[in-house]
Amino acid sequence: MSANPARRILAVVTVLALLVLSACTAGGTVHARQITMGQPALSASPVAPSASPSPTATPTPGSLDWYVSQVPTFPEAPPPQPVPLPATGAAQFWHRLPTDQKVAFITIDDGGLARPPEVADFVWRAHIPVTMFLNSPAAAEHTDYFRQITVAGGVVENHTITHTSLAGRSYDRQKHEICGAADKLEALFGKRPTLFRPPFGEHDSTTLKAAYDCGAKAVFHWTETVHEGKVRYQTPEKVVHPGDVLLMHFRPALMDDLLAALKAIHRAGLTPALLEDYVR
Ligand SMILES: [Zn+2]
């Protein structure tokens, strides 16, 4: 795919518009992105890299400019229609969000293993909506890294303290893992997690009750995994469906994984959207 000067200009205009929005108002939502006041700016200016190269320059493969140039142009995401949550005293459990809207969701787990440095700038420049299910010790040790991604529009959610399997454990043990991480993540990022992903996807009815009691509205599994730039489907037809949740991790190839997820979502005629806009 060749670089697209029009898209590049549009990206610069959009970034400028976002800066104006964030400077003049308490917050603005554009393409499901949240600009939050009072948080530090990204390490690199989001405007300078895209403004300086000439329109005909071909980015070096593997560079941030190259990743941005490879991102497909998506249809505008539809206005989100949040899924109603029944009052059951337990968090909803979903593999995919039950919606017919033409959107899919990118989620990134863990945080302790690897943190590729350009992810925040990639998320910012390509407008990638991401939900991060973090283990609280990794979030505490590398807070600035994850905060940069929240400034770029990402949202932090809960993935326990110790990444232990919860299924079959007592309510108190599960609540300690879930509430303990929620308390820490809220203290670090100023927002209590409202979504939970159990380590390894392993959970039982106690997990859903404990998650609810710790502030989670929904517990998410996933429908596709992405690793080393390859999307693995859990159905033989190999297509992303509306409401699908793609799982990747903070691993060395995260830039490739993000790009692969975006291309798979685009091939399906869908647009990436922010999970939190659909679960309220
Ligand atoms: Zn995990």
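Since we're looking at a predicted model, the values are computed, not measured.

1. Some details on the coordination of the zinc ion
Alright, step 1. At 2.0 to 2.1 Å from the zinc ion lie its protein donor atoms, namely Asp110 (OD), His159 (NE2) and His163 (NE2).
Alright, step 2. A residue is classified by how much of its surface remains accessible, and histidine 159, at 1% relative accessible area, is buried.

2. Topic: the state of the cysteines
Alright, step 1. Applying the stated criterion across every chain, the model contains 1 disulfide.
Alright, step 2. Two residues, cysteine 179 and cysteine 214, share a disulfide whose sulfurs are 2.0 Å apart. With the S-S dihedral at roughly -105 degrees, the linkage between cysteine 179 and cysteine 214 falls on the left-handed side. Pair noted here: cysteine 179 is in helix H7 (residues 171–189) and cysteine 214 is in the loop between helix H8 (205–213) and strand S8 (218–220), with a separation of 35 residues, a long-range link.
Alright, step 3. Assessed through its relative accessible area of 13%, cysteine 179 is described here as buried.
Alright, step 4. Judged by its relative accessible area of 3%, cysteine 214 falls in the buried class.

3. Regarding the environment of alanine 90
Alright, step 1. Note on placement: alanine 90 falls in the loop between helix H3 (64–70) and strand S3 (92–94).
Alright, step 2. Residue alanine 90 is classed as partly exposed on the basis of its relative accessible area of 22%.
Alright, step 3. Taking C-alpha positions, alanine 90 is 8.7 Å from threonine 206, a pair spaced 116 residues apart along the chain.
Alright, step 4. If we ignore the near neighbours within four places in the chain, the residues touching alanine 90 are Leu208, Lys209 and Tyr212.

4. Remarks on helix H6 (residues 143–151)
Alright, step 1. Of all 9 residues in H6, 7 are buried; the element is thus mostly enclosed.
Alright, step 2. Of all the residues in H6, the buried ones are Thr143, Tyr145, Phe146, Gln148, Ile149, Thr150 and Val151.
Alright, step 3. Where H6 ends, the next residue or the one after it, glycine 153, has phi of about 120 degrees, a positive value.

5. Quick look at the environment of lysine 175
Alright, step 1. Structurally, lysine 175 can be placed in helix H7.
Alright, step 2. Along the backbone, lysine 175 and threonine 206 are 31 residues apart, and their C-alpha atoms lie at a distance of 9.0 Å.
Alright, step 3. Ignoring anything within four residues of it in the chain, the contact list for lysine 175 reads Gly180, Ala210 and Cys214.

6. Re the packing of H7 against H8
Two packed helices can be described by the angle between their axes and the distance between those axes.
Alright, step 1. Running from N to C, H7 and H8 point in directions that differ by 45 degrees, and their axes come no closer than 9 Å. Considering the angle they form, H7 stands oblique to H8. Once H7 is placed against H8, the crossing between them reads as right-handed. Together, Tyr171, Gln174, Lys175, Ile178 and Cys179 of H7 and Thr206, Thr207, Lys209, Ala210, Ala211 and Asp213 of H8 make up the contact between the two elements.
Alright, step 2. Grouping the constituent residues of the contact of H7 with H8 by class yields 5 nonpolar, 3 polar and 3 charged.

About the cut-offs
- Counting from 1, residues in each chain are numbered in the order their sequence is written.
- Under the rules for a predicted model, residues below a pLDDT of 70 receive no local features and side-chain atom pairs below 80 are neither given nor counted, while totals for whole chains, interfaces and linings still include all residues.
- Computation of side-chain values covers all heavy atoms of the structure but excludes hydrogens and water.
- The donor set comprises N, O and S atoms within 2.8 Å of the metal, extended to 3.2 Å for Na, K and Ca; water molecules are omitted, so apparent gaps in a site may simply reflect that omission.
- The rule is simple: take the accessible area with a 1.4 Å probe, protein chains only, and divide by the maximum for that residue type; under 20% is buried, over 50% is exposed, in between is partly exposed.
- Whenever a pair of cysteine sulfur atoms sits within 2.5 Å, that pair is classed as a disulfide.
- By the criteria applied, helices consist of DSSP H or I runs no shorter than four residues and strands consist of E runs no shorter than two, each listed in order from the N terminus.
- Any pair of residues with heavy atoms lying within 4.5 Å of one another is described as a contacting pair.
- A fitted line through C-alpha atoms serves as each axis, taken over the contacting stretch for helices, and the angle formed by two N-to-C directions is quoted from 0 to 180°.
- Throughout, the term roughly parallel applies to angles under 35 degrees, roughly antiparallel to angles over 145, roughly perpendicular to angles from 65 to 115, and oblique to all others.
- Working rule for handedness: look at the near helix, and if it is turned counterclockwise from the far one by less than a right angle, call the crossing left-handed; if clockwise, right-handed.
- Amino acids outside the nonpolar list (Ala, Val, Leu, Ile, Met, Phe, Trp, Tyr, Cys, Pro) and the charged list (Asp, Glu, Lys, Arg) are all regarded as polar, and Gly is one of them.

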